[in-house]
Amino acid sequence: MFRSLYLYTRNISSLLLKKELGIVLHDLGRYNRAFFSGQTTGVDREQALEQAMEWLLLAGEHMPDQGIGSFHLVDGWSSSYPETSGYIIPTLIVYGGLTGKDKFIDQAMATADWLLSIQKESGGWQGGRINENKPEIVFNTGQIIRGMLASYANDNNEKYLNAAIKAGDWLQSVQHEGGYWKKNALMEAERVYDSYVDVPLLMLTEATGERRYAETAKRNLDWIVDKKQHDNGWFEDCDNTLKHNDRPILHTIAYTIDGLLDAGIKLNSEKYKAAAIKPAAKLKDLFLTNGYLNGRYDSGWNGSEYMIVTGCAQISIAWMKISIISKDPSYLEAAQKMNGLLVRIQNRQEKYSSNTIGALQGSFPIWGKYEPFAYPNWATKYFADALMLEQNIHQH
């Protein structure tokens, strides 16, 4: 509590003489019920996507290496974040392909080469930002596999596939016999959001034909569904902290849902799909009723804390995927409303800071507890993914 109070006091006092204070005051003025019920147009969405993608390039340009960082209103640009740089690669490649703008694919491939250069001898990739030089972490490694496989699909250079194989072998080697990961996991604690690691392992089986990666994934998926999911869809061991594990954040809940859903689709497993749809449906109903989602949810789906914008973009993606496989229009309705809300939250004005144009903040309002006063690159990545998926659904 005292540390949180210190950080908030520090951030606000540091902003008092900076024009970025306007961003905080802007949220103070717009955080009301009328804002949540506002409307956006198709033109708004097109501009939002374009600016979001340009900001991801900006977040790379500010790095001394070829990774991608984040921006904090007080501390400025962070160092590169290997994990999120890894899963931003597919976003850049997809958008570059859609628009014919090579600069996005060029950034993706430069980031992939940088990630190759920092892969550990074990096959894993470090946790945290690059300047922290932490040991290999399971979750982070899984997300960089996504980037390696997207890079391999883009130019067929086997160095990316070989790096993904080396990482997959490492993930297999450190998995507990119970199906979860504890060794080399964040906090050395088993977590259900490693379903989001299972999907790149399934992708690796698709790329190589090696069934052992899929078997590793299925052991974890079964542990999640059989051991950690409640009848109402809520997941135990879902938070990225030990202290608040009784009410995990939407960000990690959405990771878990999306991992189970994609795995269910890839494996044609009704078990995994149903495990994803149950909590996604609960969150959909809460959103359509209330017009927003909280940052945390306890085992009774009682919400607390301000919106975690990253998680909102992630759950919108899951809702759209479910709308495709279920033909239930309420999921697309929820996703469209959520995407519209995120477009309104996104900063698209240079009025306050040229470093935030097109970016999506971590929390709404910006002083919320998740990534306070910051624009984490993964929020903008998932926002762009959500807008591109909605665009694709409407086109088809």
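That block above? That's the structure.
Here the structure is a predicted model, which is why all the values come from computation and not from measurement.

A. Examining the overall build of the protein more closely. Looking only at helices and strands, the protein has 15 helices and 7 strands in total. Relative to a compact globule of 396 residues, whose C-alpha radius of gyration would be 21 Å, the protein shows 20 Å and is just as compact. The dimensions of the protein, computed from C-alpha atoms along their principal axes, are 55 × 50 × 45 Å. Going through the 396 residues of the protein one by one, you find that 59% of them count as buried. In the protein, once contacts between residues fewer than 6 apart in sequence are set aside, the share between residues at least 24 apart is 68%.

B. Spatial organisation of the sheet that holds strand β7 (residues 374-375). Strand order in the open sheet formed by 3 strands is β2-β1-β7, and the pairing between neighbours is antiparallel. Two strands in the sheet have a free side with no partner beyond their single neighbour: β2 (76-77) and β7.

C. A nonpolar patch on the surface, seen in detail. Together, Ile12, Leu16 and Leu17 give the surface a local cluster of nonpolar side chains, amounting to about 340 Å² of exposed area. Counting through the fold element by element, Ile12 comes out in helix α1 (residues 2-15). Note on Ile12: relative accessible area 33%, which makes it partly exposed.

D. Examining the environment of Gly303 more closely. Positionally, Gly303 belongs in strand β4 (residues 303-304). C-alpha separation for the pair Gly303 and Asp328, spaced 25 residues apart in sequence, amounts to 25 Å.

E. Molecular detail of the packing of helix α5 (residues 82-99) against helix α7 (residues 138-155). Relative to each other, α5 and α7 sit at 30 degrees, their axes nearing to 7 Å. By the angle between their directions, the pair α5 and α7 is classed as roughly parallel. In this structure, α5 crosses over α7, and the sense of that crossing is left-handed. Taken together, the residues of α7 that come into contact with α5 (itself represented by Pro82, Glu83, Gly86, Tyr87, Ile89, Pro90 and Ile93) are Phe139, Asn140, Gln143, Ile144, Arg146, Gly147, Ala150, Ser151 and Asn154. Along the lines of polarity and charge, the residues of the contact of α5 with α7 split into 8 nonpolar, 6 polar and 2 charged.

F. Structural view of helix α9 (residues 195-208). Spanning 14 residues, α9 covers 20 Å between terminal C-alpha atoms, matching the ideal 20 Å at 1.5 Å per step. Residues of α9 that are buried include every one of Ser195, Tyr196, Val197, Asp198, Val199, Pro200, Leu201, Leu202, Leu204 and Thr205, and no others. As for α9, its buried residues are in contact with α5, α7, α8 (158-174), α10 (211-227), α11 (250-267) and α15 (377-395).

G. Quick peek at the packing of aromatic side chains. Applying the stated criterion to the full structure yields 21 aromatic pairs. A centroid spacing of 5.9 Å and a plane angle of 25 degrees characterise the contact between Trp55 and Trp77, whose relative ring orientation is stacked. Of this pair, Trp55 sits in helix α4 (residues 42-61) while Trp77 sits in strand β2, placing them 22 residues apart in sequence. Note on accessibility: Trp55 and Trp77 belong to one class, buried.

H. Region of interest: the state of the cysteines. Summed over all chains, the structure comprises 0 disulfides. Unpaired in terms of disulfides, Cys238 finds its nearest cysteine sulfur in Cys312, a separation of 15 Å. Cys238 sits in the buried class, given a relative accessible area of 0%. With a relative accessible area of 0%, Cys312 lands in the buried category.

I. Representation of the pattern of salt bridges. Summed over all chains, the structure comprises 26 salt bridges. With a shortest N-O distance of 3.4 Å, Arg296 and Glu305 are connected by a salt bridge. On the basis of relative accessible area, Arg296 is assigned to the buried category, the value being 7%. For Glu305, a relative accessible area of 25% corresponds to the partly exposed category. Between Lys381 and Asp385 there is a salt bridge whose closest N-O contact spans 2.6 Å. Of this pair, Lys381 and Asp385 are both found in helix α15, 4 residues apart, which corresponds to roughly one turn of the helix.

J. Seen up close, the packing of α5 against α15. Remark: α5 packs on α15, axes separated minimally by 10 Å, with the N-to-C direction vectors making an angle of 35 degrees. The hand of the α5/α15 crossing is left-handed. Facing α5, whose interface residues are Thr84, Tyr87, Ile88, Thr91, Val94, Tyr95 and Leu98, α15 presents Asn377, Trp378, Lys381, Tyr382, Ala384, Asp385, Met388 and Gln391. Along the lines of polarity and charge, the residues of the contact of α5 with α15 split into 9 nonpolar, 4 polar and 2 charged.

K. Examining the environment of Pro200 more closely. Relative to the assigned elements, Pro200 resides in helix α9. For Pro200, a relative accessible area of 0% translates into the label buried. Each C-alpha atom of the pair Pro200 and Ala164 lies 9.1 Å from the other, and the pair is 36 residues apart in sequence. Not counting residues within four places of it along the chain, the set of residues in contact with Pro200 comprises Gly142, Ile145, Arg146 and Leu149.

Each value, and the rule that gives it
- Residues numbered from 1 in each chain as written.
- Predicted model: local features only at pLDDT ≥ 70, side-chain atom pairs only at ≥ 80, totals over all residues.
- Heavy atoms only, no water.
- Helix = DSSP H or I, 4+ residues; strand = E, 2+ residues; numbered from the N terminus.
- Rg over C-alpha atoms; globule rule 2.2 N^0.38 Å.
- Buried < 20%, exposed > 50% of the residue type's maximum accessible area, 1.4 Å probe, protein only.
- Contact = heavy atoms within 4.5 Å.
- Pairing = 2+ DSSP bridges.
- Patch = residues over 30% accessible without salt bridge, like charges linked within 9 Å, V, L, I, M, F, W, Y side chains within 5 Å.
- Areas by Shrake-Rupley, 256 points an atom, 1.4 Å probe, with all protein chains shown as cover.
- Salt bridge = Lys/Arg side-chain N within 4 Å of Asp/Glu carboxyl O.
- Axes fitted to C-alpha atoms, helices over the stretch in contact; angles between N-to-C directions.
- Parallel < 35°, antiparallel > 145°, perpendicular 65-115°, else oblique.
- Left-handed = near helix turned anticlockwise from the far one by under 90°.
- Nonpolar A, V, L, I, M, F, W, Y, C, P; charged D, E, K, R; others polar.
- Expected span 1.5 Å × (residues − 1).
- Phe/Tyr/Trp six-rings, centres within 6.5 Å; stacked < 30°, edge-to-face > 60°.
- Disulfide = S-S within 2.5 Å.

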